[in-house]
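Residue-level listing of the chains:
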Amino acid sequence: MFKLLGRWATRYRYPIILGWIVLAAVLTATAPSLEDVATTDDRDFLPREAEFFKAEDLYKELYPDTFTPSSGMILVDASGVGGVHAPEAWAYLEQVTAWLMSEDAPDNIGNVTSPALAPEMEAATVSPDGQVGFVAFGLTTGNNDPRTDSTVEKVDDWVGDHRVDGLKIYHTGDGAINYQTEKSAFETIDRTLYITIVLVIVFLLLIYRSPVSPFIPLFAVTMALMVTTGLLGFLGDAGILTILTEGNALLIVVMYGAGTDYCLFLISRFREEMAVDDNIERATRDTVHLVGETITSSASTIFVGFMAMAFAEMGFFKNSGPMLALAIVVGLLAGLTLTPALLSVLGQKAFWPGKAKHRGGGRWYEFTSRQASSRPLLTIAAIVVLMIPFSIYGLTRDVTYEFMEDYPDDIEAIQGYHVLEENFGKGLLYPLTVVVADRPADTVEADMMALTETISQMDGVEVVQPLGSAVSEENGGYFHLNVLLSNEVGTDGSVQSVEDIRDALKPYQRDGRAGVSGSAVVIAEMKDVMDRDLLRAFGFVLVGIFVVLLLMLRSAIAPIYLICTVLLSYTFTLGITNIVFDVFFDTPRLLFMVEFFMFVFLVALGIDYSIFLFGRIKEEVSHSGIEEGVHVAVSSTGAIITSAGLILAGTFAGLMAGELAFLGQIGFAVAFGVLVDTFVVRTILDPALARLFGKWTWWPGGIPRPVREKPVSNNKPSTEVSAAD
């Protein structure tokens with residue numbers, strides 16, 4: 001099949017190139033922008049059947065006029081003028097209140113709470129020392145709604161146009177924080193794209209020492225990225241996929257990292273074939289024939305890993321998986337069609353000003369392959385003993401669910417949040433809402449007072465306020481409470497408070513309906529979902545990758561030990577990442593999403609290099625026997641695997657230049673893990689295992705047979721080695 005594909009890519013090279021260009025241009029011009037369809041709303045993390053949504057739906061049903069899915073706040077620090085009651089500060093509070101309630105304000109602004117409206121509101125909206133006050137307002141549109149973003153911009157503009165000397169003014173709140181962090185995420189995406197492209201160009205120039213070769217993968221991957229983002233724009237706009245903002249940054253590094261690697265292996269094999277035979281059509285056909293199955297198997301493992309995320313309960317993973325899986329499919333199609341078409345057009349010009357030559361393996365790869373072949377057991381033991389302590393450390397570390405740690409402190413909305421936290425407590429911006437319904441009409445008022453008292457006595461609860469009077473109706477009474485926690489959202493204390501409140505609601509749920517909603521509830525449910533999702537990810541990803549390796553290698557033994565080495569690399573990297581961020585970044589615990597994405601990326605992407613290596617081992621063993629075949633495969637592919645690993649690590653490291661802590665932690669972890677895979681696991685550990693198991697590596701299929709006669713070049717191998725050596 002791949003030989004036919006190579007012949008087809010050569011024969012129709014110009015229509016293929018033109019077709020990709022036209023498709024990319026049309027999709028880019030017509031598809032909705034990912035920025036317009038993406039979301040950072042934390043509600044999208046949870047499955048729709050979560051208890052949070054049931055409580056929120058109950059609230060909307062009973063109190064449709066007061067339910068506000070988002071909120072805002074204008075915070076005034078008047079300590080520079082003597083406090084909130086100083087004339088200029090109080091006049092500003094009156095001015096902002098009047099504007100928010102006027103017809104000039106955005107029409108999705110709902111209820112307004114302000115010290116300037118009524119004396120009884122002052123106690124809740126002015127700090128105890130009288131230095132800080134705020135005006136709060138509800139938004140009738142949610143954080144996913146473009147009208148919310150528009151309102152945030154209009155409020156920002158109004159605040160910017162009405163600054164008062166001596167007052168520190170912050171626009172914060174749920175809507176503003178979501179909007180500002182989404183902007184930071186897209187700035188991170190842009191920065192990552194630029195860094196990634198520069199890194200890819202520099203690495204490829206060093207590897208090929210040609211100004212032409214680097215632009216083959218760069219062009220192919222860029223076309224694939226344009227097609228992918230266009231398809232995702234349509235899917236997101238149609239509601240088929242939820243496009244998550246942070247996922248767009250991951251999309252870039254996955255496509256440029258993995259996609260460039262595919263092109264790298266094709267170009268390197270094309271160079272080998274052209275060094276043997278200058279016939280462009282035959283070289284292209286044989287390149288796709290010999291490497292096509294390997295990169296397809298590689299892409300299949302990544303596809304399986306990403307699609308396994310679709311079985312997660314948490315929306316962030318559930319939606320990121322198919323999004324990244326689509327990217328891998330498009331990247332593979334570009335690699336198997338567009339890249340060969342470009343190579344068949346350029347021929348020897350692809351390596352200008354030089355010509356296609358065999359590259360020497362490099363002294364390092366000659367040494368490691370001989371060492372792994374001659375002393376496999378000692379080599380394996382040394383690596384495992386070194387890695388195991390860090391692996392154990394990584395597996396015993398806790399993660400954090402405190403979202404505020406993910407956001408940069410130079411954002412005005414985050415600065416306002418911290419000022420609010422210091423002066424009013426940690427729970428004011430993200431209160432909980434308790435709703436109880438279907439109570440007997442004659443006891444509903446007493447039920448409200450009893451539940452208020454019960455929740456007030458709980459540890460971690462700051463304030464409990466009945467929101468109005470209980471409502472008595474013939475078909476049952478209902479009421480709702482506002483609960484402020486003393487612990488920051490995402491901390492263990494806030495999660496425990498949510499669990500305590502849920503326990504208190506159980507008696508009300510036996511003969512009625514009751515629930516609690518709010519950001520702290522979202523986080524508490526995430527913790528429950530995460531435990532299940534990690535187990536599910538481990539199961540689906542490992543089984544899927546085992547099946548792909550089984551089909552490719554025709555062996556049941558090699559896939560087992562290859563997966564074990566990937567797991568060792570993952571746990572070792574987890575330990576090192578925890579140490580690095582604790583010691584150098586003052587981050588004792590990684591954000592909860594990091595561990596999940598680390599596993600999927602390092603297992604799916606890490607197994608890539610096992611496939612590239614064992615695809616070549618399979619070929620060389622058929623010609624030279626096990627010991628010599630392993631040695632030849634490692635020495636001949638070592639430089640190219642290292643080059644591919646450096647490119648992939650570099651693209652993920654680019655995420656560290658962004659503003660979001662989550663992406664920075666992922667970037668470091670995957671970059672470090674890929675380097676471990678590249679320089680230790682694939683170069684030393686895997687070859688040692690292949691040598692140790694010997695013929696059993698290929699059980700039950702048996703030692704591979706030659707696909708073709710081993711070609712002999714009339715050219716002497718060049719002493720020139722790649723930058724990766």
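About the thresholds
- Here, residues in each chain are numbered from 1, in the same order as that chain's written sequence.
- In keeping with the predicted nature of the model, local features appear solely for residues at pLDDT of at least 70, side-chain atom pairs appear and are counted solely at 80 or more, and the whole-chain, interface and lining totals rest on all residues.
- Hydrogens and waters are ignored; side-chain quantities use all the structure's heavy atoms.
- Accessibility here uses a 1.4 Å probe with only protein chains present; expressed as a share of the type maximum, an area under 20% marks a residue as buried, one over 50% as exposed, and anything in between as partly exposed.
- Put simply, DSSP marks the helices as runs of H or I at least four residues long and the strands as runs of E at least two long, and each gets a number from the N terminus on.
- Only strands joined by at least two bridges in the DSSP assignment are considered to pair.
- By the convention used here, residues are in contact when the closest approach between their heavy atoms is within 4.5 Å.
- Here a patch means residues that are over 30% exposed by relative accessible area and free of salt bridges, tied together within 9 Å if like-charged and within 5 Å if nonpolar (Val, Leu, Ile, Met, Phe, Trp, Tyr).
- Where accessible areas are quoted, they stem from the Shrake-Rupley method and a 1.4 Å probe; at the residue level, only the protein chains shown are allowed to cover.
- The rule for a salt bridge is simple: a side-chain nitrogen of Lys or Arg has to be within 4 Å of a carboxyl oxygen of Asp or Glu.
- Here, expected helix span is obtained from the residue count minus one, scaled by 1.5 Å.
- Here, axes are lines fitted to C-alpha atoms. For helices the fit covers the stretch in contact, and angles between N-to-C directions go from 0 to 180 degrees.

A.B. asks: Please set out the pairing of strand β8 (residues 432-439) residue by residue, giving values where relevant.
C.D. replies: Most of β8 sits out of view: seven of its eight residues are buried. Across six bridges, the pairing between β8 and strand β10 (residues 477-485) is antiparallel. Looking across to β10, one finds that Val434 is bridged to Leu481. Relative to strand β11 (residues 513-517), β8 runs antiparallel, the two sharing five bridges. The partner of Val435 across the bridge, within β11, is Gly515.

A.B. asks: Talk me through the side chain of Ser298; I want residue IDs and the actual numbers.
C.D. replies: The topology assignment puts Ser298 in helix α11 (residues 280-308). Residue Ser298 is classed as buried on the basis of its relative accessible area of 0%. Look past the residues within four positions of Ser298 in its chain and what remains in contact with it is Tyr262, Asp608, Ile611 and Phe612.

A.B. asks: Mind laying out a nonpolar patch on the surface, listing which residues take part and the relevant values?
C.D. replies: A cluster of nonpolar side chains, namely Leu377, Leu692, Phe693, Trp696 and Trp699, defines an oily patch on the protein surface of about 540 Å² accessible area. On the secondary structure map, Leu377 appears in helix α14 (residues 376-395). The class of Leu377 is exposed, set by a relative accessible area of 58%.

A.B. asks: Which residues make up helix α9 (residues 215-237), and what values go with them?
C.D. replies: Here α9 is 23 residues long and its end C-alpha atoms lie 32 Å apart, about the 33 Å a rise of 1.5 Å per residue gives. Directly beyond the C-terminal end of α9, a positive phi value near 80 degrees is found at Gly239.

A.B. asks: An account of the sheet that holds strand β3 (residues 109-113) is requested, with residue identities and associated values reported.
C.D. replies: Strands pair in a sheet through their backbones, by hydrogen bonds, and they do so in one of two ways: parallel or antiparallel. Taken in spatial order, the four strands of this open sheet run β3-β4-β2-β5, and their pairing is antiparallel. Each edge of the open sheet is held by one strand with a lone partner, namely β3 and β5 (168-172). Strand-to-strand, the axes of this sheet are offset by a mean angle of 15 degrees, without reference to chain direction. As judged from the five bridges shared by strand β2 (residues 70-77) and β5, these two strands associate in the antiparallel manner. Residue pairing for β5: Val76 is matched across the bridge by Ile169. In the packing of helix α5 (residues 87-100) onto the sheet, the strands contacted are β2, β3, β4 (132-139) and β5, and the crossing angle to β4 comes to about 5 degrees. Here helix α7 (residues 146-161) sits on the sheet in contact with β2, β3, β4 and β5, set at roughly 175 degrees to β5.

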